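Structural overview for review
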Amino acid sequence: MRWEVVRGTVHDSGSMGDMLRAVAKRDWAQQVPLVCDRAMGKTAQVKEMAQTGLHFVTALTTTEFDSYATAL
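These remarks concern the structure in this document. (Residues numbered from 1 in each chain as written. Predicted model: local features only at pLDDT ≥ 70, side-chain atom pairs only at ≥ 80, totals over all residues. Heavy atoms only, no water.)

1. With respect to the nonpolar core
When a protein is soluble and globular, its nonpolar side chains tend to lie buried together. With eleven residues, the main nonpolar core is built from Met19, Leu20, Val23, Ala24, Ala29, Leu34, Cys36, Met40, Val46, Met49 and Leu54. The greatest single-element share of this core, amounting to three residues, is contributed by helix 1 (residues 12-23). Apart from the residues lying within four places of it in its own chain, the contact partners of Val46 are Met40, Gly41, Phe56, Thr58 and Tyr68. (Core = buried A, V, L, I, M, F, W, Y, C linked by side-chain atoms within 4.5 Å. Buried < 20%, exposed > 50% of the residue type's maximum accessible area, 1.4 Å probe, protein only. Helix = DSSP H or I, 4+ residues; strand = E, 2+ residues; numbered from the N terminus. Contact = heavy atoms within 4.5 Å.)

2. Looking at helix 1
In this model, helix 1 (twelve residues) spans 16 Å end to end at C-alpha, consistent with the 16 Å of a helix rising 1.5 Å per residue. Those residues of helix 1 that sit buried are Ser13, Ser15, Gly17, Met19, Leu20 and Val23. Structurally, helix 1 contributes buried residues whose contacts are with strand 1 (34-35) and helix 2 (43-51). (Expected span 1.5 Å × (residues − 1).)

3. Observations regarding the pattern of salt bridges
Taken as a whole, this structure holds two salt bridges when the rule is applied. Between Arg21 and Asp18 there is a salt bridge, with the nearest N and O atoms lying 2.6 Å from each other. You can see Arg21 and its partner Asp18 sitting in helix 1, three residues apart, about one turn around the helix. Given a relative accessible area of 41%, Arg21 falls into the partly exposed group. Here Arg21 makes a salt bridge to Glu48, at a shortest N to O gap of 2.2 Å. Pair noted here: Arg21 is in helix 1 and Glu48 is in helix 2, with a separation of 27 residues, a long-range link. (Salt bridge = Lys/Arg side-chain N within 4 Å of Asp/Glu carboxyl O.)

4. Some points on the environment of Tyr68
Its place among the elements puts Tyr68 in helix 3 (residues 65-69). Along the sequence, Tyr68 and Thr43 sit 25 residues apart, while their C-alpha atoms lie 9.4 Å from each other. Once residues within four sequence positions are removed from consideration, Tyr68 is found in contact with Thr43, Val46 and Leu60.

Take it as geometry only, folks, not as evidence of what the structure does.
Encoded structure:
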């Protein structure tokens, strides 16, 4: 588990992106799936998380579902 206090004016996805890039450098993070809330469920954030090489689970926002539904 990891936590960090961030300024209130930063969007969740920005803070989570920074944290994921920092965590991706840790050996233990390669061995466990990361669970993120729907703030990370837009295509840009999913692509960003995929680039870290980490295993993750997140919820798509409803506006993104149609982008993925045909592939499912």
